[in-house]
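Survey of secondary and tertiary structure
Chain residues, written in single-letter form:
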Amino acid sequence: MAHTTDNANVTRRDFIYVASASAAAVGGIVALWPFIDQMNPAADTLALKEVEFDLSPIVPGQIVTIEWQKKPVFIRRRTPEEIKEAEDAPLADLKDPQTDDARVQKPEWLILVATCTHLGCVPSNQLKGDFGGWLCPCHGSHYDTSGRIRKGPAPKNLAVPPYQFLSDTKVLIGAAPKPAAATAEHG
Ligand code: FES
């Protein structure tokens, strides 16, 4: 299966995006720390911190990694072929059955928490595995172009974080989806 990417460029650009997204989140981090110290809430209740991200520099087929709540998040601009592969996968073949439609708000944009559901490694953006998505090199979990687990020890699909499109080119990671798109959140 041919899933090619300009690895060197993607890696360099990934770094730039991580840096800029982190910088954009600084205000949120500073504002949130006193709250965390006082309340000590469970990690998954900290969906308050939001990261706004400009999608416009991302070209089809490219994956960038940003940081949200100290976790890496993949943003992938899928090609028409990748979308079709994700949509055509029979649910009966899936370990954690979920339609592609339930995992995206716009088919072109796949947004995922980049934490392997086996033991928490970060799947590789360069090794796309047997299903064109991601390979987690720690123990060989293969994810497809919807971030669903297809092979290997991981039990669950990569999680979809809450997010909201502010415009065609701006997304707010951490924001509750608008009601019409609420089904895009996994779980
Ligand atoms: S942590 Fe990813 S396969 Fe084990």
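This text goes with the structure placed above it.
Presented here is an overview of the structure given in this document. As the structure is a prediction and not an experimental result, all values here were calculated from the model. (Residues numbered from 1 in each chain as written. Predicted model: local features only at pLDDT ≥ 70, side-chain atom pairs only at ≥ 80, totals over all residues. Heavy atoms only, no water.)

The next subject is the nonpolar core. Among the nonpolar cores identified, the biggest contains 30 residues, and Phe53, Leu55, Ile75, Trp134, Tyr143, Val171 and Ile173 are the most heavily contacted of them. Ranked by residues supplied to this core, first place goes to strand E4 (residues 109-113) with five residues. (Core = buried A, V, L, I, M, F, W, Y, C linked by side-chain atoms within 4.5 Å. Buried < 20%, exposed > 50% of the residue type's maximum accessible area, 1.4 Å probe, protein only. Helix = DSSP H or I, 4+ residues; strand = E, 2+ residues; numbered from the N terminus.)

Here we take up the sheet that holds strand E9 (residues 170-173). On the basis of which strands lie adjacent, the open sheet formed by three strands has the order E1-E9-E8 and antiparallel pairing. The open sheet has two free edges, formed respectively by strand E1 (51-54) and strand E8 (163-165), since each of these has just one partner strand. Direction aside, neighbouring strands of the sheet carry axes that sit 20° apart on average. Bridge count for E1 against E9 is four bridges, and the pairing is antiparallel. Residue pairing for E9: Glu52 is matched across the bridge by Leu172. (Pairing = 2+ DSSP bridges. Axes fitted to C-alpha atoms, helices over the stretch in contact; angles between N-to-C directions.)

The subject of this paragraph is the pairing of strand E3 (residues 71-77). Walk down a regular strand and you will see the side chains alternate between the two sheet faces. Across the seven residues of E3, five count as buried, placing the element largely inside the fold. Taken together, the six bridges between strand E2 (residues 63-68) and E3 define a ladder with antiparallel strand orientation. Within E3, the position partnered with Ile63 by the bridge is Arg76. Hairpin geometry of E2 and E3 is characterised by an intervening segment of two residues between the two adjacent antiparallel strands and by a positive phi of about 50° at Gln69. Relative to E4, E3 runs antiparallel, the two sharing five bridges. The partner of Ile75 across the bridge, within E4, is Ile111.

Within the open sheet, the three strands sit side by side as E2-E3-E4. Their pairing is antiparallel. Each edge of the sheet is formed by a strand with only one pairing partner; in this case those strands are E2 and E4. Neighbouring strand axes in the sheet, compared pairwise and without regard to direction, differ in orientation by 25° on average.

Using the criterion set out here, one finds two aromatic pairs in the structure. Centre to centre, the rings of Phe74 and Trp134 are 5.0 Å apart; their planes meet at 5°, and the pair counts as stacked. Here the residue Phe74 occupies a position in strand E3, and Trp134 occupies one in strand E5 (residues 132-136), the gap between them amounting to 60 residues. Trp134 carries the same exposure label as Phe74, and that label is buried. (Phe/Tyr/Trp six-rings, centres within 6.5 Å; stacked < 30°, edge-to-face > 60°.)

Here the focus is the pattern of salt bridges. Tallied over the entire structure, the rule returns nine salt bridges. Notably, a salt bridge pairs Lys156 with Asp96, separated by 4.0 Å at the nearest N-O pair. In this pair, Lys156 is assigned in the loop between strand E7 (149-151) and E8 and Asp96 in the loop between helix H2 (80-88) and E4, connecting sequence segments 60 residues apart. Relative accessible area serves as the criterion here: at 44%, Lys156 is assigned to the partly exposed category. (Salt bridge = Lys/Arg side-chain N within 4 Å of Asp/Glu carboxyl O.)

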